[in-house]
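# Architecture at a glance
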Amino acid sequence: MHGRVTDLDSARITSALEELRHRSRDTLHDRLHRVRMTAGLAVQAGLAAALSWVVAYQFLKNPQPVFAPISAVGTLAASVGQRLRRTVELIVGVAVGVFLGDALIYFVGTGPWQLGTVVTGAILLTIFFGGSVAIVMQAAATAVLIVTLTPSTANLEIPRFIDAGVGGGIALLVTAVLLPLNPLRVINRAARPALDLLSDQLDVAAVALRDGDRAAAQQALERLRENKEELATLVEAIEGAKETTTLSPARWRRRDVLTHYAEAADPIDRAMRNSGTLIRRAVTMIEDGEPVPEPLPDAVAHLAETVRLLRHEFAVGAEPEDARERSLRAVSEAGRAYAQGVGFSGSVVVAQVRTTASDLLVASGIDQEEANRLIRQSFGEQERPSGGPVERTGAPKPPTTPPLG
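Every chain's residues receive numbers from 1 upward, in the order its sequence appears when written. For this predicted model, a pLDDT threshold of at least 70 governs which residues receive local features, and a threshold of 80 or more governs which side-chain atom pairs are given and counted, while totals over whole chains, interfaces and linings are taken from all residues. The basis for every side-chain value is the complete set of non-hydrogen atoms in the structure, without hydrogens or water.

## Section: the overall build of the chain
Secondary structure summary: the chain contains 14 helices and zero strands in total. Secondary structure elements of the chain occur, N-terminal to C-terminal, as α-α-α-α-α-α-α-α-α-α-α-α-α-α. For the chain, buried positions account for 43% of its 405 residues. Residue contacts are counted whenever heavy atoms from the two residues lie within 4.5 Å of one another. Restricting the contact set of the chain to residue pairs at least 6 apart, pairs at least 24 apart contribute 77%. In this description, accessible areas are obtained by the Shrake-Rupley approach with a 1.4 Å probe, and a residue is regarded as covered only by the protein chains that are shown. Entry remark: accessible area of the chain is about 20900 Å², with carbon and sulfur atoms responsible for 58%. Labels follow the DSSP assignment, with helices taken as runs of H or I lasting at least four residues and strands as runs of E lasting at least two, numbered in each case from the N terminus. When accessible area is computed with a 1.4 Å probe and restricted to protein chains, residues below 20% of their type maximum are described as buried, those above 50% as exposed, and intermediate ones as partly exposed.

## Quick word on the pattern of salt bridges
In what follows, salt bridge is the name for a side-chain nitrogen of Lys or Arg lying within 4 Å of a carboxyl oxygen of Asp or Glu. Evaluation of the coordinates by the stated rule reveals 11 salt bridges. A salt bridge links Glu305 to Arg308, with the nearest nitrogen and oxygen atoms 3.1 Å apart. Here Glu305 and its partner Arg308 are both found in helix α11 (residues 295-315), three residues apart, which amounts to about one turn of the helix. Two residues, Arg373 and Glu370, come together in a salt bridge whose shortest N-O distance is 2.7 Å. Of this pair, Arg373 and Glu370 are both found in helix α14 (residues 368-379), three residues apart, which corresponds to roughly one turn of the helix. A residue is classified by how much of its surface remains accessible, and Arg373, at 41% relative accessible area, is partly exposed.

## Concerning the nonpolar core
The tendency in soluble globular proteins is for nonpolar side chains to be buried side by side. To form a nonpolar core, buried Ala, Val, Leu, Ile, Met, Phe, Trp, Tyr and Cys residues must be joined to one another through side-chain atoms within 4.5 Å. With 56 residues, the main nonpolar core has Val300, Leu303 and Val353 as its most contacted residues. Among the elements of the structure, α7 (183-211), α8 (214-225), α10 (255-287), α11, α12 (321-340), α13 (344-363) and α14 are those that each provide at least two residues to this core. Those residues within four positions of Leu303 in sequence are excluded, and the remaining contacts are Leu202, Leu278, Ala330, Val353, Thr356, Ala357 and Leu360. Core analysis: the next-biggest nonpolar cluster, separate from the first, contains 10 residues, Ala48, Ala56, Leu76 and Val166 among them.

## Some words on a nonpolar patch on the surface
The patch calculation keeps residues exceeding 30% relative accessible area without a salt bridge and links them within 9 Å when they carry like charges or within 5 Å when they are nonpolar (Val, Leu, Ile, Met, Phe, Trp, Tyr). Together, Trp53, Val54, Tyr57, Phe59, Leu60 and Ile162 make up a nonpolar patch on the protein surface, roughly 570 Å² of accessible area in all. The biggest single contributor to the nonpolar patch is helix α1 (residues 2-59), with four residues. Residue position: Ile162 is located in helix α6 (residues 157-178).

## Quick look at α13
One turn of the α-helix equals 3.6 residues, which is why residues spaced by three or four share an orientation. Helices are assigned an expected span. That span is 1.5 Å times one less than the residue count. Helix length check: α13, at 20 residues, gives a terminal C-alpha distance of 29 Å against a target of 28 Å (1.5 Å per residue), a fit within 8%. With 18 of its 20 residues buried, α13 lies for the most part within the structure. At the exit of α13 stands Gly365, carrying a positive phi of roughly 115°.

## Considering the packing of α12 against α14
Helix axes are fitted to C-alpha atoms over the stretch in contact, other axes to C-alpha atoms as well, and angles between N-to-C directions run from 0 to 180 degrees. Where α12 meets α14, the closest approach of the two axes is 8 Å, and the angle between their N-to-C directions is 45°. Classified by the angle their axes make, α12 and α14 are oblique. The crossing of α12 and α14 is right-handed. Together, Leu328, Val331, Ser332, Ala334, Gly335 and Tyr338 of α12 and Leu374, Ile375, Ser378 and Phe379 of α14 make up the contact between the two elements. Orientation is classified from the angle alone, with under 35 degrees giving roughly parallel, over 145 giving roughly antiparallel, 65 to 115 giving roughly perpendicular, and any other angle giving oblique. Should the near helix be turned anticlockwise from the far one by less than a right angle, the crossing is termed left-handed; should it be turned clockwise, right-handed.

## Considering α8
Spanning 12 residues, α8 covers 17 Å between terminal C-alpha atoms, matching the ideal 16 Å at 1.5 Å per step. Along α8, the residues that are buried comprise Ala216, Ala217, Gln218, Ala220, Leu221 and Leu224. Put simply, Asp213 is the residue that caps the front of α8, since its side-chain oxygen is 3.2 Å from the backbone nitrogen of Ala215. The definition of a polar contact used here is a pair of N or O atoms within 3.5 Å, where within protein one atom must be able to donate a hydrogen and the other to accept one, and adjacent residues in sequence count solely through side-chain atom pairs.

## Concerning the confidence of the model for the chain
pLDDT: the predictor's confidence for each residue, scored from 0 to 100. On average, residues of the chain score 76 in pLDDT, and 66% of them are at 70 or above. Confidence, read as mean pLDDT per element, is least for helix α9 (residues 228-247) in the chain (64) and greatest for α13 (95). Below pLDDT 50 for its whole length, residues 383-405 participates in 47 contacts with residues either more than four positions away or in separate chains.

## A closer look at the packing of aromatic side chains
By convention, a stacked pair of Phe, Tyr or Trp rings (six-membered ring in the case of Trp) has centres within 6.5 Å and planes under 30 degrees apart, an edge-to-face pair has planes over 60 apart, and any other such pair is tilted. Counted under the stated rule, the structure contains two aromatic pairs. Taken together, a centroid distance of 4.7 Å and an interplanar angle of 15° make the contact between Trp53 and Tyr57 stacked. Of this pair, Trp53 and Tyr57 are both found in helix α1, four residues apart, which corresponds to roughly one turn of the helix. Taking relative accessible area as the criterion, Tyr57 reaches 35% and is therefore assigned partly exposed. Judged by centre distance (6.0 Å) and plane angle (50°), the ring pair of Tyr338 and Phe379 falls under tilted. One end of the pair, Tyr338, is in helix α12; the other, Phe379, is in helix α14, with 41 residues separating them in the sequence. Phe379 shares its class with Tyr338; the two are buried.

## Describing the packing of α12 against α13
Running from N to C, α12 and α13 point in directions that differ by 165°, and their axes come no closer than 9 Å. With respect to α13, the element α12 is oriented roughly antiparallel. The interaxial crossing formed by α12 with α13 has left-handed handedness. Taken together, the residues of α13 that come into contact with α12 (itself represented by Arg324, Ser327, Leu328, Ala330, Val331, Ala334 and Tyr338) are Ser347, Val350, Val353, Arg354, Ala357 and Leu361. Taken together, the residues that form the contact of α12 with α13 break down as nine nonpolar, two polar and two charged. Note on residue classes: Ala, Val, Leu, Ile, Met, Phe, Trp, Tyr, Cys and Pro are nonpolar, Asp, Glu, Lys and Arg are charged, and everything else, Gly too, is polar.

Structural data, given as structure tokens:
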């Protein structure tokens, strides 16, 4: 008996250690992915900081060009796609801060309460005139520098103002001309986590439906709900790529390809949310013991493959014809499942297969009206079996036709 308990404990410990090693590998993979995603930005920031210091020190004869590299790095640290705007905000914020700092020093001198007053005034004034958070913070920071450094550093205002323009301008020069990133590569890297998340959880849901595994379906649902970071990264990368192709002549030829990604962002977001509804109803379907026709898990698996094909065809710049074909196959399988008979939650799963497939078709470049027509055509005119769906006693009657969504 003691030996059996020992063996059981050993098995549990081994399983726990194996899970820990697996998580460590995942964590290392995620960290390396983040490093690859930001390596280009890091090099751009280093180059911009160095060049802005050289310009301010060598050409503008600023003996302490601290603000120029700070402004350059601050511009590049802004959300990609917002760098041109951030440069303007830097200059406007510096102007407001310089004005308020000088005015306060002229009238009331310097000191701790004067510093608090100028920061409060800078924030309230920029907010009153509709300034963004970046302008507010830049104005407040500049005012602080003017008030605290003016007693020891003469004529600080003009160098601070010029350095802001130099740093922001150098940052734009680096990103647009000297070291422009490949926008398509940036987007492909950013899209991979979001699309992999969606396809992986749809695969898990398909297997869970086949096996009647409620726990696996619930886990897939919870994982899919944690998609905000992946989607935000994708949207930010798209905005950055659009900015790069606007500012960089070397990347103008990429505009048409990037248009596909830009137009796909919203339907991919909708596909995420509709897939979440699909998996949530799959959980309920398993809980209630509703019938699971064989084509239904296949339909969900085809949606997962559609997402993978879409990602691949976008990455190589190909027309996503395979993804479109696979999405319509998912709808066809859902139609077969509906004809064989499903319960209430099953009919919702069928409807969500249709809706998610429609989202993916739109993401592939088809307009919404045409996508809906193809969905209806692929689903077909399905008739219920004469005996009706196979259900447990007391189960609610399913809708006669699944909504398209």
